[in-house]
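Letter by letter, the chains look like this.
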Amino acid sequence: RACLGPPKALLRYNHLNTLNWMDAIDGGIMGKRIREYDWENSPIGIPLAKWPQSLLSTVTTVLLTRFPCLMFWGEHFVAIYNDAYIPIFSKKHPWVLGKAGNVAWSEVWDVIGPLLKGVVSGCKATWHENQHLALERNAYLEECYFTWSYSPVLIEDQSVGGVLTIITETTMRVLGERRLLNLREMGMVTTRLQTVDDACLSVANVQQKHPADVPFSLIYISDPNNPETFSLKGITSLDPSSKAAPSRISRDNSPWDIATPLSSRQIHVQSDLVALFGTLPSWQWPESTTSAAIIPVYMSEKEDAIGFLILGISPRREFSSDYQGFFELILQQFTTALSMAQTFEQEKRRAETLAAMDKAKTVFFNNVSHEFRTPLTLIIGPLEDSLYDQMDPLSHKQRTRQILVHRNALRLLKLVNTLLDFSRIEAGHVNAHFEPIDVSSLTGELTEVFRSTIEKAGLNYVVNIDTIPELVYLDKEMWEKIVFNLISNAFKFTLKGSIEISLKNQGNSFRFSVKDSGVGIPETELPRMFERFHRIEGGGGRSYEGTGIGLALTQELIHLHKGVIQVESVKDQGTTFHVEMPTGISHLTEKNTKKAESNPSEIPKKSKLGIAFVEEASRWLPQSPAREHVQVETQVEVENPEKAQVNEISTGSLAPGNRRILLAEDNVDMREYVLSILSENWIVDWVSDGLQAYQSITKKDGQLPDLILSDVMMPNMDGFQLVQAVRTNPRLKLIPIILLSARAGEEAKIEGLKSGADDYLVKPFAAKELVARVNTHLELGRLRLQLDKQVEERTKELMVTNQNLQVEIQERRLAEKLLRRSEERYKTLTTVAPAGIFHTDLDDRTTFVNSRWCHVSGFSMEKILEEGWSAHVEEEYKEPLELLWRLCRQEQRVFNLEFKYVRANGDLLWILGHAVPDKDKDGNIQGYVGTLVDFTERKRLERERLEAIELAEENQQKRAQDAEDHRRSQEFFTDLICHEIRNPLNGIQNNLDFLLECTASRNFKLKSLPKGPTVDEILSTQSQERESMDAIRICANYQKLVTDDVLVISRLRSNQLKLNEVAFDPKTAINSVIKVFDTQIASKGIAVYTYFPSFDTSLIGDPDRLRQVLTNLMSSSCGLVEHAPVKKIVFQLEIMSTSQVESELRISVSTTGSGMTQEEIANLFTRFSQGTYQFGGSGLGLCICKSLIELMGGIFEITSSTEGTIFKFSIKCSKVGAQVVEQPILPLLPSFASNLLVLVVEDNVVNQKVVQRHLTKASIRCEIANNGVQALNALQKTTVPFDLILMDIEMPEMNGLEATRLIRLKELQSEIKIPIIGLSGNARQEHVEAALAVGMNEYIIKPYTRENLLNVITKYLRDT
């Protein structure tokens, strides 16, 4: 625009001296106050109108700056500031305006006064960052921080007239960094706390370093023995003897108001501190701290306060939300520190408790083991004496019994010794005696102890012992226990396959390994294999017996030898234990080591320990050595019972001896003992576990036992599982079951009976008791079978004799069953229902509430039944609820209401109440039954959802506004570009027309002259001139086409493009488009044909959009035929009637040429895509065509072949009654035109000349105005009235729209109305509508032709 005239800002500046100063700028609030202020009576001393230019310019800069600015002017440093500086002055505003500097900032003048004077005297700017200033801007001295610069302001004589201050307040940033450092240090110290006192002391130490924000602090923690009393645990900046820091406080006895925060559970600020305690610390400030925050400390929402933080509030800062938020963060850090300290203390106490328990348990095992050994010695000694007494030998039966007792006494002694060894090891009282041993020979002897037992079990026993050349220092007894424990464990859990023992030399150590092919160990259990008392459930070994300390003891014994033990196992494949022991003596202490002798210690042939292990292992074999003739599930015959002994055991009447009993017991000795008791009176079958027992009784051809006697703890299937399996089998469920167990106590007995057993007998038991119970349950079982049989027979008789009665009984039973089910279902539903349920009678008494409502309301069922279900409705809802409830009861209709309910603890709940009439079968109402649903959480979620929706809508609106702003900015940019392109295009096209006319006239005159060299030379360039001018016209037309396309694309993207439907003739539209391309058609030698059918009905549509589509198609067609041998373009028009009011306009444009591929055609509809054919273009044309055609309700197709391309489209149009005949506009007669006067308002000099030339050509006089202001002045000053005004839209000073509006306002006072024709390069419909709305008669879009311009002018001047 630089070539077209000065910018608007410059024009405004030129008028600055003539306009009011304050009207020329937008000074905001302060601009208005500066204008209204009495400056003549201020320290400046001169009115605003006489201010020097330097002061005006500086004040203008201050007011137009959005950054806080303050100017000190003159020798008194008078304060003048902008809107952004108002928050800094705060309550001093607006009083401070115009005041001298020492008055405006009196409290800090001692700081800033010298700085200002230094700037004036030295004429140098200064810079100050985060400078502290104590300002009294809110009625108290306030701690503030600022970053500012002082810059000198030069006046006309180049001296300093004032100081400009650009400032930003950094108070919140400085405070934030300072407080963040406080919190960071608290977070660092809270990570290493061990006690609550440590936590309090650490927090106090941190606050001692930061008195600026916390002038003093007190930390009180509740007394564990008296929670209502709080003790002082931390103090900063205060003397411990101060009245403000009592060592103990309580709700009723405290100088601090702790009752308020205890009740509210919120931070409470106490402000009367000076009156209570006198002067208190306040960091570096001279005034005393006057208030403090009392903060209750809670570890959870449901717990009472465990303490208080009393934090002083700085006297120079207001206790704002930021300050409170800082204190809340301190509380969070302190709470975290307390939590970590409490957790550490709890873990410490727990560890100490566990250690004490472990020590007590070890002592207990030690004492019990010692106590067991004494009676065991007195049992085993006499037993062995009687067994080996040759003088008075025992009978066979008595000897068998004594052997059984002796064997189990030895087993008990082994268990006691194991427990004693383990307790000694844990207590550190075991003294190993290491002596040199031939470990190969010793290990070989020990492994042979088990050979016969293992091979008798059908296992392959492999022993590989390497010779260890070096003597190994071992405790022989401990090594025996290690070897025996590992081999015994392998034998127990290996049911088939092999056990392999190996001893390998490894140089400085040896490895002892025990490998089996047993049941294996689950991978999850491997880490716990050496834990005390740990046993694998469902291990599947030979026996369930064991204490779970064998492997733990083995590991401890190995560790005493400085060795290690490892285990490898795969489930169902086997397990391997590896023991690695060092050789030599270097790893042992001299105290417990016996020196090597020439002959190593003798190897014992067979120790008592080995005998005990083998004896126990032999009891796990399927056949007992004492009763090898007894097989699994075989009958045990009675052996010539001695009558006296039988009578001692089986006193009383016994069940017949042909009764069959099934015994399930995995312990061989116990099994033989029970067999010896029962087999004298009944037939006894035995099995070793529950699974064998169940398989035995479920055989098809097997005889059912009359009673099952089962141990509880057995492998594969225990006693409880056996009972469950039997009771769930209809064929077996009546068999009596007695359980035997070593688990004593009432709970164990109840558990056994609940499992379905008929009786539960605790070991040890008396033989008489066992016989009596077995006999009783055999009789009861017999009677049960008889009764069951009698009931079955009687039932059949009743069914046969009285079928009708049976049906009635069945129906009654079914009804009763359904009724019971219904009642049970109702009770269950009311119990598990997630809602409260109530029932009222006819007198409106509450007769029932379920437990859920009691839980929700917090009241007991008795209280609710007494007061009624609605007794605690919140007061606001009580009256509406009672009215609605009374109305529903009167009209017997459904009750529905949402209301608030007050819980027992005072909380408010949202309840949805729903009740319906309870009617009997005759329809008589019996009361009401209803539900009460707590939907407080749903209400909260709904509120949060609504807030989220509102926030989302707000964000959506913001995004939509941003999108709209972006769209508007794009449209503005598009308008600007199009306007700036159309203005020069208008000059180019119209000057080109003038140039063509001038050239044609010149050539015509030259042809009439005599021929000569000069004339011939000029005429010879005629064709070149014509080609050049044609090229200019083609470029201008193409530029206009691109501009139109860009504008349409912009409108299409924002859905702002509207159709302007009018009556038109499609033939005229096609011909007008072809005429635009006359120059290009002629230059390229293209033949254009049109085929128009005859029709009598015009159409209603948007001819402008149709012409734009046709223009783009014509442009593309010219490019396609450019290199064709035959250059031809054919337009074909068809009209198809689709209804009485609508028609379909079909137009095809055919071209010759090589055509396009389908891929190229597909790319044509993409913006900025030109396909692969090379004829140039913007890539927008066909994309716009498709969009415009679809906007007009049509479709667009492109077909192409080697012979050419066809563009086809159809659009929907409305029919009109008569054909549109465009009447030509006759030109004005020169005699008439010369009397006319036109005002041309145009800021572009080129376009001024174009219009002036067109009017002069038509004999019309004209005057020129550069903008709207000049146009108004011309209208006011003219003596000859103007007949018409040509008004440009975009102009400086005053645009065409504003000028037109003012002209039309003035015309209201007269009857004359001058036609005004708008001229603009902006083609948007809304701009056209805006121009017509302010009073313009017509709107011409640049570039325009002379013909178009004169036709419009003639139209309005002819009317004039």
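Use the structure listed above.
All of these numbers come straight from a predicted model, not from anything done at the bench.

> Explain the side chain of threonine 335 residue by residue, including any values.
You can see threonine 335 is positioned in helix 12 (residues 321-387). The class of threonine 335 is buried, set by a relative accessible area of 17%. Residue contacts for threonine 335: discarding those within four places in its chain leaves Val297, Tyr298 and Met299.

> Residues and numbers for the sheet that holds strand 16 (residues 509-516), please.
Read across the open sheet, the five strands follow the order 13-15-16-18-17; overall the sheet is mixed. A strand with exactly one partner marks an edge of an open sheet, and here the two such strands are strand 13 (460-465) and strand 17 (564-570). In this sheet, neighbouring strand axes are inclined to one another by 10 degrees on average, regardless of whether the strands run parallel or antiparallel. Of the pairings in the sheet, the one linking strand 15 (residues 498-505) to strand 16 comprises seven bridges and is antiparallel in character. Across the sheet, residue lysine 504 finds its bridge partner in strand 16, namely arginine 511. Together, strand 13, strand 15, strand 16, strand 17 and strand 18 (574-582) form the strand contacts of helix 16 (residues 476-492), whose direction differs from that of strand 16 by roughly 25 degrees. Packing of helix 17 (residues 550-560) onto the sheet brings it into contact with strand 17 and strand 18, and relative to strand 17 it is tilted by some 140 degrees.

> Before we move on, can you summarise a negative patch on the surface with the specific residues and values?
The grouping of Glu228, Asp252, Glu303 and Asp304 at the surface amounts to a negative patch. Within the secondary structure, aspartate 304 is located in the loop between strand 10 (292-297) and strand 11 (307-312).

> Help me get a handle on the packing of aromatic side chains, residues and values and all.
Here the structure, examined in full by the defined rule, presents 30 aromatic pairs. A cation sits over an aromatic face here: arginine 179 above tyrosine 323, 4.5 Å from the ring centre.

> Lay out the packing of helix 14 (residues 439-448) against helix 16 in plain terms, naming residues and giving numbers.
Interhelical geometry of helix 14 versus helix 16 gives an angle of 45 degrees and a closest axis separation of 10 Å. Judged by the inter-axis angle, helix 14 sits oblique to helix 16. In the packing of helix 14 onto helix 16, the handedness of the crossing is right-handed. Here Val439, Leu442, Thr443, Leu446 and Thr447 of helix 14 lie close against helix 16, whose contacting residues are Lys476, Trp479, Glu480, Val483, Phe484 and Ile487.

Scoring rules and cut-offs
- Residues numbered from 1 in each chain as written.
- Predicted model: local features only at pLDDT ≥ 70, side-chain atom pairs only at ≥ 80, totals over all residues.
- Heavy atoms only, no water.
- Helix = DSSP H or I, 4+ residues; strand = E, 2+ residues; numbered from the N terminus.
- Buried < 20%, exposed > 50% of the residue type's maximum accessible area, 1.4 Å probe, protein only.
- Contact = heavy atoms within 4.5 Å.
- Pairing = 2+ DSSP bridges.
- Axes fitted to C-alpha atoms, helices over the stretch in contact; angles between N-to-C directions.
- Patch = residues over 30% accessible without salt bridge, like charges linked within 9 Å, V, L, I, M, F, W, Y side chains within 5 Å.
- Areas by Shrake-Rupley, 256 points an atom, 1.4 Å probe, with all protein chains shown as cover.
- Salt bridge = Lys/Arg side-chain N within 4 Å of Asp/Glu carboxyl O.
- Lys, Arg positive; Asp, Glu negative; His and termini not counted.
- Charge placed at Lys NZ, Arg CZ, Asp CG, Glu CD.
- Phe/Tyr/Trp six-rings, centres within 6.5 Å; stacked < 30°, edge-to-face > 60°.
- Lys NZ or Arg CZ within 6 Å of the ring centre and 35° of its normal.
- Parallel < 35°, antiparallel > 145°, perpendicular 65-115°, else oblique.
- Left-handed = near helix turned anticlockwise from the far one by under 90°.

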